[in-house]
Amino acid sequence: MKRIAEKIEVCSEHHVHSNITVPPIPDQSILYQVADLFKVFGDPTRIRILYTLSGGELCVCDIAAVLGMTQSAISHQLRILKEKHLVKFRREGKTIFYSLADSHVETILKQGLNHVME
């Protein structure tokens, strides 16, 4: 089956307008970090975990029960989320409770949901 390419509108004249304003583009290293951050959001399981944690802190057992997954699978994803500073944890005895790292994470989730629901 052939895929028909969608036509993209382009300028009919090739010149640069002198009145354009562009915000300063961050350094390449910062852009790579942002791209890396968004890669983490590219996994539906991690998104489900983040949404679950948006209700408050939970231990791995609780997250696994809510999502119907194994504790091992949840722990693996939490490690990635922790490395990217999207979740934080606190220890209470032998139990470790996880929560969203800060309000930015919840904002990103809400903005993403709003964007796709429009």
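In what follows, the structure referred to is the one given above.
How each quantity is defined
- Residues numbered from 1 in each chain as written.
- Predicted model: local features only at pLDDT ≥ 70, side-chain atom pairs only at ≥ 80, totals over all residues.
- Heavy atoms only, no water.
- Helix = DSSP H or I, 4+ residues; strand = E, 2+ residues; numbered from the N terminus.
- Rg over C-alpha atoms; globule rule 2.2 N^0.38 Å.
- Buried < 20%, exposed > 50% of the residue type's maximum accessible area, 1.4 Å probe, protein only.
- Contact = heavy atoms within 4.5 Å.
- Areas by Shrake-Rupley, 256 points an atom, 1.4 Å probe, with all protein chains shown as cover.
- Lys, Arg positive; Asp, Glu negative; His and termini not counted.
- Charge placed at Lys NZ, Arg CZ, Asp CG, Glu CD.
- Core = buried A, V, L, I, M, F, W, Y, C linked by side-chain atoms within 4.5 Å.
- Axes fitted to C-alpha atoms, helices over the stretch in contact; angles between N-to-C directions.
- Parallel < 35°, antiparallel > 145°, perpendicular 65-115°, else oblique.
- Left-handed = near helix turned anticlockwise from the far one by under 90°.
- Expected span 1.5 Å × (residues − 1).
- Pairing = 2+ DSSP bridges.

Asker: Where do I start with the overall build of the protein chain in this structure?
Answerer: Of regular secondary structure, the protein chain possesses five helices and three strands. Mapped from its N terminus to its C terminus, the protein chain presents α and β elements in the order α-α-β-α-α-β-β-α. Its C-alpha radius of gyration of 20 Å places the protein chain more than 25% over the 13 Å reference for a compact globule of 118 residues. The buried share of the protein chain, taken over its 118 residues, is 22%. Put simply, of all contacts in the protein chain between residues at least 6 apart along the chain, 51% involve residues at least 24 apart. Here the protein chain displays about 9,500 Å² of accessible surface, and carbon together with sulfur accounts for 57% of that area. On the protein chain, the mean spot of the 14 positive side-chain charges and the mean spot of the 13 negative ones are 8 Å from each other.

Asker: Which parts of the structure should I look at to understand the nonpolar core?
Answerer: Nonpolar side chains in soluble globular proteins tend to be buried together. Counting 20 residues, the largest nonpolar core has I49, L50, L53, I63, I74, L78 and L81 as the members making the most contacts within it. Contacts of I63, omitting those with residues within four sequence positions, involve I49, L53, L58, I74 and L78.

Asker: Quick question: what am I supposed to make of the packing of helix α3 (residues 60-67) against helix α4 (residues 71-83) here?
Answerer: The axes of two packed helices give the description: the angle between them and the distance between them. Relative to each other, α3 and α4 sit at 110°, their axes nearing to 9 Å. Comparing the axis directions of α3 and α4 gives the class roughly perpendicular. The hand of the α3/α4 crossing is right-handed. Along its contact with α3, which presents V60, C61, I63, A64 and L67, the element α4 presents Q71, I74, S75 and L78.

Asker: Whenever I open this one, α4 confuses me. Can you help?
Answerer: For an α-helix the count is 3.6 residues per turn, leaving residues at separations of three or four pointing the same way. With 13 residues, α4 extends 18 Å between its outermost C-alpha atoms, agreeing within 8% with the 18 Å of an ideal straight helix rising 1.5 Å per residue. Its buried side turned inward, α4 meets α1 (28-40), α2 (44-53), α3, β2 (87-92) and β3 (95-100). One or two positions beyond α4, positive phi appears at H85, with a value near 60°.

Asker: Is there a simple way to explain the sheet that holds strand β1 (residues 58-59) in this structure?
Answerer: Two strands in a sheet stick together by hydrogen bonds in their backbones, pointing the same way (parallel) or opposite ways (antiparallel). The sheet built from three strands is open, its strands ordered β1-β3-β2 with antiparallel pairing. Since the sheet does not close on itself, it has two edges, and those belong to β1 and β2, each with one partner. The pairing of β2 with β3 spans six bridges and is classified as antiparallel. Across the sheet, E92 pairs through a bridge with T95, a residue of β3. Helix-sheet contacts for α2 involve β1, β2 and β3, and the interaxial angle to β3 is about 95°.

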